[in-house]
Protein chains: 2
Amino acid sequence: MGTENEMAADDIAIRTATRDDLPAIIAMLANDHLGSKRECYADPLPNVYYAAFDAIDGDPNNEIVVAEQDGKIIGTLQLTLIPNLTYQGGVRALIEGVRVDSTMRSAGIGRILFEWAIDQAKKKGCHMVQLTADKTRPDAHRFYESLGFSATHEGMKLHLT
Amino acid sequence: MGTENEMAADDIAIRTATRDDLPAIIAMLANDHLGSKRECYADPLPNVYYAAFDAIDGDPNNEIVVAEQDGKIIGTLQLTLIPNLTYQGGVRALIEGVRVDSTMRSAGIGRILFEWAIDQAKKKGCHMVQLTADKTRPDAHRFYESLGFSATHEGMKLHLT
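Here the structure is a predicted model, which is why all the values come from computation and not from measurement.

> Please clarify how the pairing of strand E3 (residues 72-83) of chain B should be interpreted in this entry.
Working note: regular strand, side chains alternate between the two faces of the sheet. Residues and elements named next belong to chain B. The buried count for E3 comes to 11 of 12 residues, which makes it a mostly enclosed element. In this structure, strand E2 (residues 62-69) lies alongside E3, joined through 8 bridges in antiparallel fashion. By the bridge assignment for E3, glutamate 68 is matched with isoleucine 73.

> For this particular structure, what's the right way to read the interface of chain A and chain B?
Many authors give the size of an interface as the accessible area that is lost as the parts come together. Each side of the interface is counted separately: chain A has 61 residues, and chain B has 61 residues. Each partner contributes to the roughly 5,700 Å² buried at the junction of chain A and chain B, and carbon and sulfur atoms together form 61% of this total. A per-residue breakdown of the area chain A buries against chain B is headed by A:Leu85, A:His153 and A:Met156, which together make up 16% of the total. For the pair chain A and chain B, the interface holds 2 salt bridges. Among the ionic pairs, B:Arg92 bridges to A:Glu96, the shortest N-O distance being 3.3 Å. Our count for the contact surface shared by chain A and chain B stands at 37 residue pairs in polar contact (both at pLDDT 80 or more). A per-element tally of the side of chain A that touches chain B places strand E6 (residues 150-159) of chain A first, with 10 residues.

> Help me out: how do you make sense of the environment of B:Arg38 in this one?
Turning to its location among the elements, B:Arg38 is positioned in helix H3 (residues 35-38). Look past the residues within four positions of B:Arg38 in its chain and what remains in contact with it is A:Tyr87, A:Gln88 and B:Asp134. Within the structure, B:Arg38 has its side chain in polar contact with the side chain of A:Tyr87 (distance 3.0 Å).

> Explain the sheet that holds strand E5 (residues 126-134) of chain B to me, please; I cannot follow it from the model alone.
Hydrogen bonds between backbone groups are what pair the strands of a sheet, and the pairing can be parallel or antiparallel. Spatial ordering of the open sheet is given by E1(A)-E2(A)-E3(A)-E4(A)-E5(A)-E6(B)-E6(A)-E5(B)-E4(B)-E3(B)-E2(B)-E1(B), a layout of 12 strands whose pairing is mixed. Strand pairing shows two members of the sheet lacking a second neighbour, strand E1 (12-16) of chain A together with strand E1 (12-16) of chain B, which therefore form its edges. The mean inter-strand angle of the sheet, taken between neighbouring strand axes irrespective of direction, is 30 degrees. Where strand E3 (residues 72-83) of chain A lies against strand E4 (residues 91-100) of chain A, 8 bridges are found, and the strand directions are antiparallel. The residue of E4(A) that forms the bridge with A:Gln78 is A:Glu96. On top of the sheet, helix H4 (residues 47-57) of chain A reaches strand E2 (62-69) and E3 of chain A together with E3 of chain B; it is set at about 110 degrees to E2(A), its chief contact.

> How should I be thinking about the packing of aromatic side chains in this particular structure?
Two descriptors summarise a pair of aromatic rings, namely the distance from one centre to the other and the angle between the planes of the rings. Evaluation of the coordinates by the stated rule reveals 10 aromatic pairs over all chains. Ring centres of B:Phe114 and B:Phe143 lie 5.6 Å apart, and the angle between their planes is 90 degrees; on these two criteria the pair is classed as edge-to-face. One end of the pair, B:Phe114, is in helix H6 (residues 109-123); the other, B:Phe143, is in helix H7 (residues 138-146), and 29 residues separate them in sequence. Taking the relative accessible area as the measure of exposure, B:Phe114 reaches 0% and is therefore buried. A relative accessible area of 22% places B:Phe143 in the partly exposed class. Linked through ring pairs, A:Phe114, A:Phe143, A:Tyr144 and A:Phe149 together constitute an aromatic cluster.

Reading the values: the criteria
Residues numbered from 1 in each chain as written. Chains lettered and ligands numbered in written order. Predicted model: local features only at pLDDT ≥ 70, side-chain atom pairs only at ≥ 80, totals over all residues. Heavy atoms only, no water. Buried < 20%, exposed > 50% of the residue type's maximum accessible area, 1.4 Å probe, protein only. Helix = DSSP H or I, 4+ residues; strand = E, 2+ residues; numbered from the N terminus. Pairing = 2+ DSSP bridges. Contact = heavy atoms within 4.5 Å. Buried area = accessible area lost by both parts, 1.4 Å probe. Salt bridge = Lys/Arg side-chain N within 4 Å of Asp/Glu carboxyl O. Polar contact = N/O pair within 3.5 Å; in protein donor to acceptor, adjacent residues only side chain to side chain. Axes fitted to C-alpha atoms, helices over the stretch in contact; angles between N-to-C directions. Phe/Tyr/Trp six-rings, centres within 6.5 Å; stacked < 30°, edge-to-face > 60°.

Put into C-alpha cells, the structure is as follows:
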C-alpha cells in the first residue's frame, strides 16, 4: 500500500447506509458496464429502490454498507448473513452489490470496505465469506484473490422471466 | 425423462423440513466426498444442527426443503431469499446444501426438488436463482445447466479461521 492509500484510509468512514444515501449508491451501481444495463438511476430515484432498501434495512441478516469520505459516498456493498445446516450448522456471509466510485478506483477503498465486511462477518461468527464475481471482471477476481478468496466454485445463475 | 423418473415424481412430496427430519437431512449432507469432511453425523445429532435449524426455521427468508417418498427423506436443499438493491431492487433466491440420497441418484429427485424451488422463487417474485457449485462436481454443473443455469460467474470463497 502506498502513501495515498494510507491517507485515504485515515478519513474514510465505513457505516450502515441510510435511506438518504440511496441516490449516491444507485448512481454507483449504475455507473458500470454491467450495471448500466440493469439499473435505472433517475431523479427522483424510482420507488423500487426505496422499497428494496426498506426490506434490507428491516432484515437483521442484511445490511447495505457505505464508505464515506468528506461527506461523499465513495463505495458500497451488501452484506448478507445466512444460517446454514452445512458446515455443522455454520453461518455464512455473502457479499453482493460491490461498487467503488469510478473516480476513486485503485485508491484502496474496495479493500477498506472488504476488510470491514470480513471483520464484521467474523464478529457475527461466520465461518465463511462468499461471493460470485462475473467472469467478465478479471480485475475483480485478482482483487478478491488478494484478499484471500479462492475461485473454488462455479457461480451459476438462472434468470427468471 | 424415462418411465422410472415419471413414476418417481408421482409419489414424491416436496415440503418444508421439520426438526424431526434433521437426522435424515444431516445423514445425506455427510454422505458425500466433500460433506464427509465437514459434517458430524452422530446419534444423537450434535445440538449445533438443531440450533441452526431453529435459526433457519425462524427466518422468513430461509427454508430447508425436503423430498419425501413413502415416509423416507430422499432429498434436501436450502432456499434463501435475498432482498437486493441491484437489478432495480430485485429479490434473488440462493440455493445451498443440495443432496439426494446416495441410493436414489439419477432417479430425477434432484430435478423435482429444483423445479419446486425455482417455482417457489418465481412465486416470491425473485428475478434470479443463483448457486455456487464446487468445481470438483462436474456432474452437478451439467445438471444445473440442464435446468437453465449458466456458469457466468466465479464462485469465490474465503474460509475464516
